[in-house]
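The lines below spell out each chain.
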Amino acid sequence: MALVVLVIQRRSIVTICLLLIWLAVFGVVWAQLLPTRKLVVIDPGHGGIDGGTSGGGLVEKDINLRMGHILRGVLENNNYKVVMTRTDDSDVTHFVPKVGSRYQRDLKGRVKLTEKAQPCGLISLHVNWHKEAWRRGAIVYYQAGEKSGLMLAELIQKELNTIQETQRQARAADFYVLRNTDVPGVLVEIGFISNPDDRRAMQDHNWLARQAEAIMNGLEIFLQQRTPM
Ligand SMILES: [Zn+2]
């Protein structure tokens, strides 16, 4: 009797072990077949006591945040993973030691989050202002000397030019967050808060959603060209 129980137990153990091995192999194969969800960092500029620019009763930080949430939705619906440097009306100082000014800590916080995430793209969102109210349209900036940033900026600029009916060029600049992150990054000024038409558009959810789709389209082309299938 004892011998029979022993045999049955040994058989059960062998069966369980085989099942576990099969599950492990199946899991690994399945994970390989699933498309990798690409990670993007969205960085809505300013926040908290730092409102950024303003005009016509609108404050830049609010538009950046709203645009950030809309872009996040568009990207997540298209199989991207998203990390946002801020999701509410706060700055990004709480990730770094309390050394230096609030402004410096805010920028360092954005860099730290981006470096930790190691995304395939960093998109900082801002709004422009100019004393000449006729100026309008999105401008995409990249860190001077960074080839991948230039490529990403040109592709997003092209998409935004199409839907905004502008003919702008991506511009080189020197921004702390772009300079100090080792990922393809751009800073998108979605329009001019000083221009009445742009300002009206920025308050329109559907308009913001179209800009978000244009940004994603530029990013998609960038990723396809960088890593051809
Ligand atoms: Zn700004």
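Residues numbered from 1 in each chain as written. Predicted model: local features only at pLDDT ≥ 70, side-chain atom pairs only at ≥ 80, totals over all residues.

## A word on the nonpolar core
In terms of nonpolar packing, the biggest core is built from 48 residues, with Val140, Ile156, Val186, Val188 and Ile215 touching the most fellow members. For this core, the element with the most residues is helix α7 (residues 205-226), which contributes seven residues. Ignoring any residue separated from it by four or fewer positions in sequence, one finds valine 186 in contact with Ile123, Val140, Tyr141, Tyr142, Gly149, Leu152, Ala153 and Ile156. (Core = buried A, V, L, I, M, F, W, Y, C linked by C-beta atoms within 7 Å. Buried ≥ 20, exposed ≤ 12 C-beta atoms within 10 Å, placed from the backbone. Helix = DSSP H or I, 4+ residues; strand = E, 2+ residues; numbered from the N terminus. Contact = placed C-beta atoms within 7 Å.)

## Things to note about the domain arrangement of the chain
For an interface, size is often stated in terms of accessible area lost upon the parts coming together. For the chain, the domain assignment lists domain 1 (1-34) and domain 2 (37-226). For domain 1 versus domain 2, the distance between C-alpha centres works out to 51 Å. (Domains from an automatic or database assignment.)

## Some remarks on α7
Given 3.6 residues to a turn, an α-helix orients residues that are three or four positions apart in the same direction. Its 22 residues place the ends of α7 31 Å apart at the C-alpha level, agreeing with the 32 Å of an ideal helix rising 1.5 Å per residue. All of the buried residues in α7 are Leu208, Gln211, Ala212, Ala214, Ile215, Met216, Gly218, Leu219 and Phe222. Turning to α7, the residues buried within the fold contact α2 (60-77), β5 (121-128), α4 (147-164) and β8 (185-192). (Expected span 1.5 Å × (residues − 1).)

## Quick word on the environment of glycine 121
Position of glycine 121 among the secondary structure elements: in strand β5. Put simply, glycine 121 and asparagine 161 are 40 residues apart on the chain and 20 Å apart in space, counted from C-alpha to C-alpha. Excluding residues that lie within four positions of it along the chain, glycine 121 makes contacts with Val40, Leu152, Val183, Pro184 and Leu219.

## Focus: the pairing of strand β6 (residues 139-143)
In terms of residue burial, β6 counts as a mostly covered element, since five of its five residues are buried. In β6, alternate side chains face the same way, and those of Ile139, Tyr141 and Gln143 on one face and Val140 and Tyr142 on the other are all buried. Taken together, the three bridges between β6 and β8 define a ladder with antiparallel strand orientation. In the strand pairing of β8, tyrosine 141 is matched with leucine 187. Of the strand pairs in this sheet, β6 and strand β7 (residues 171-173) are connected by three bridges, and their pairing is parallel. (Pairing = 2+ DSSP bridges.)

## With respect to the sheet that holds strand β4 (residues 80-84)
The mixed open sheet is built from six strands, whose spatial order is β4-β1-β5-β8-β6-β7. One side of each edge strand has no neighbouring strand; the edge strands of this open sheet are β4 and β7. Between one strand axis and the next, the sheet turns through 30° on average, direction left out of account. Across five bridges, strand β1 (residues 38-44) lies against β4 in parallel orientation. Bridge pairing in β4 links valine 40 to valine 82. Helix α3 (residues 102-117) rests against β1, β4 and β5 of the sheet, and its axis sits at about 175° to β1. (Axes fitted to C-alpha atoms, helices over the stretch in contact; angles between N-to-C directions.)

## A few points about unusual backbone geometry
Leaving glycine out, the prevailing phi sign among residues is negative, and the prevailing peptide bond configuration is trans. One non-glycine residue with positive phi stands out, namely asparagine 79, at about 70°. Following the sequence through the fold, asparagine 79 ends up in the loop between α2 and β4.

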